[in-house]
Amino acid sequence: MTVQTIVPNLWFDTKALEAAEYWVSVFSGRIGAAARPKSEIVNVSRYPTDVFDGAKKAGDVLTVDFTIEGQRFTAINGGPQFTFDEAVSFLVNCESQEEIDELWEKLGAGGEHGPCGWLKDKYGLSWQIVPAEMDELITGGDEEGRKRAFATMMQMGKIDIAELRRAYKGA
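Since this is a predicted model, take the numbers as computed values, not measurements.

Chemist: Can you break down the overall build of the protein chain residue by residue, with the values?
Modeler: Each helix and strand counted, the protein chain has five helices and eight strands in total. The order of helices and strands in the protein chain, counted from the N terminus, is β-α-β-β-β-β-α-β-β-β-α-α-α. Considered along the principal axes of its C-alpha atoms, the protein chain spans approximately 65 × 35 × 30 Å. When burial is assessed residue by residue, the protein chain has 39% of its 171 residues classed as buried.

Chemist: Tell me what's going on with the sheet that holds strand 5 (residues 89-94), and back it up with residues and numbers.
Modeler: Hydrogen bonds between backbone groups are what pair the strands of a sheet, and the pairing can be parallel or antiparallel. The four strands are arranged 5-8-7-6 in an open sheet whose pairing can be described as mixed. Bordering the open sheet on either side are strand 5 and strand 6 (112-113), each of which pairs with just one other strand. The pairing of strand 6 with strand 7 (residues 118-120) spans two bridges and is classified as antiparallel. Residue pairing across strands places His113 opposite Leu119, the latter belonging to strand 7. Each of strand 5, strand 6, strand 7 and strand 8 (126-131) touches helix 2 (residues 97-108); the most contacted strand, strand 8, lies at about 170 degrees to it.

Chemist: Go over the packing of aromatic side chains with me, naming the residues and quoting the values.
Modeler: The description of an aromatic ring pair uses the distance of the two centres, along with the angle that the planes make with each other. Taken as a whole and judged by the stated rule, the model has twelve aromatic pairs. Linked through ring pairs, Phe12, Tyr22, Trp23, Phe27, Phe66, Phe73, Phe84, Phe90, Tyr123 and Trp127 together constitute an aromatic cluster.

Chemist: So what about the sheet that holds strand 1 (residues 9-12)? Which residues, and what values?
Modeler: Read from one edge of the open sheet, four strands run 1-4-3-2, paired in mixed fashion. Each end of this open sheet is capped by a strand with a single partner; those strands are strand 1 and strand 2 (40-46). Across this sheet, the average inter-strand angle for adjacent strands is 20 degrees, counted without regard to direction. Its contacts with the sheet place helix 1 (residues 16-28) against strand 1, strand 2, strand 3 (61-68) and strand 4 (71-77), and it is angled at close to 10 degrees to strand 3.

Chemist: Account for helix 2, naming residues and giving values.
Modeler: Its twelve residues place the ends of helix 2 16 Å apart at the C-alpha level, agreeing with the 16 Å of an ideal helix rising 1.5 Å per residue. Within helix 2, the full set of buried residues consists of Glu99, Ile100, Glu102, Leu103, Trp104, Leu107 and Gly108.

Chemist: So what's going on with the environment of Gly111? Residues and values would help.
Modeler: Relative to the elements of secondary structure, Gly111 occurs in the loop between helix 2 and strand 6. A relative accessible area of 31% places Gly111 in the partly exposed class. Those residues in contact with Gly111, other than ones at most four positions away along the chain, are Lys120, Asp121 and Lys122.

Chemist: Just give me the short version of the pattern of salt bridges, but keep the residues and values in it.
Modeler: Close approach of charged atoms allows side chains with opposite charge to pair. Per the counting criterion, the structure on display carries 13 salt bridges. With a shortest N-O distance of 2.7 Å, Arg30 and Glu99 are connected by a salt bridge. Placement of the pair is Arg30 in the loop between helix 1 and strand 2 and Glu99 in helix 2, with a sequence separation of 69 residues. The two residues Arg30 and Glu99 agree in class, both being buried.

What counts, and where the lines are drawn
- Residues numbered from 1 in each chain as written.
- Predicted model: local features only at pLDDT ≥ 70, side-chain atom pairs only at ≥ 80, totals over all residues.
- Heavy atoms only, no water.
- Helix = DSSP H or I, 4+ residues; strand = E, 2+ residues; numbered from the N terminus.
- Buried < 20%, exposed > 50% of the residue type's maximum accessible area, 1.4 Å probe, protein only.
- Pairing = 2+ DSSP bridges.
- Contact = heavy atoms within 4.5 Å.
- Axes fitted to C-alpha atoms, helices over the stretch in contact; angles between N-to-C directions.
- Phe/Tyr/Trp six-rings, centres within 6.5 Å; stacked < 30°, edge-to-face > 60°.
- Expected span 1.5 Å × (residues − 1).
- Salt bridge = Lys/Arg side-chain N within 4 Å of Asp/Glu carboxyl O.

Here it is, written out as C-alpha cells:
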C-alpha cells in the first residue's frame, strides 16, 4: 500500500463529521462504486479539553480522517475563521453521462449549480463534475474541434458528453 504524501485538509466550524459522512455516502453509492476503492470514515478524533474560549468543548469532534474512492482527506472543526471558496475545487472524472447526472444531482443538492460542470455542495465545497475524456475534447489534436468543444462547454451548466463530442466533431 502506497502512503499518500499530500492530504487535502478541509476546515469547518462544526460540521466536519457531517460533511465527511455525506461525501462518503455519495461516493459509496456512486454508479460503479463496487469496482472503485472504498469510501469510508477512517478515524474521528475529539477535543481533549475545552478550547477557543469555550467555543469547542471536550469531546467535540476535532478531526475526521476519511477516504473517497481511496483518496485520503482530513476535515477539521477549527472554528468559524475560514470558509471555502471557488479558488479550490475537486475534479471528478466520470466515465458516463449517467455518472455525471448522478453526481451533479447528489453533490448539488442543497448547494449551487454553476457553469461548465462546476457546482458548490451544501457545505460550500466546489466540485467539477466532468467526463473523463474532457481533456481530449478541450485539448485534442483538432484545433477547430477544440474551439468548438470549448465554446459549447462554456454554455453548459451540467456537462453533456454527447453534445461536447458533437461539437468537437463539427456535427
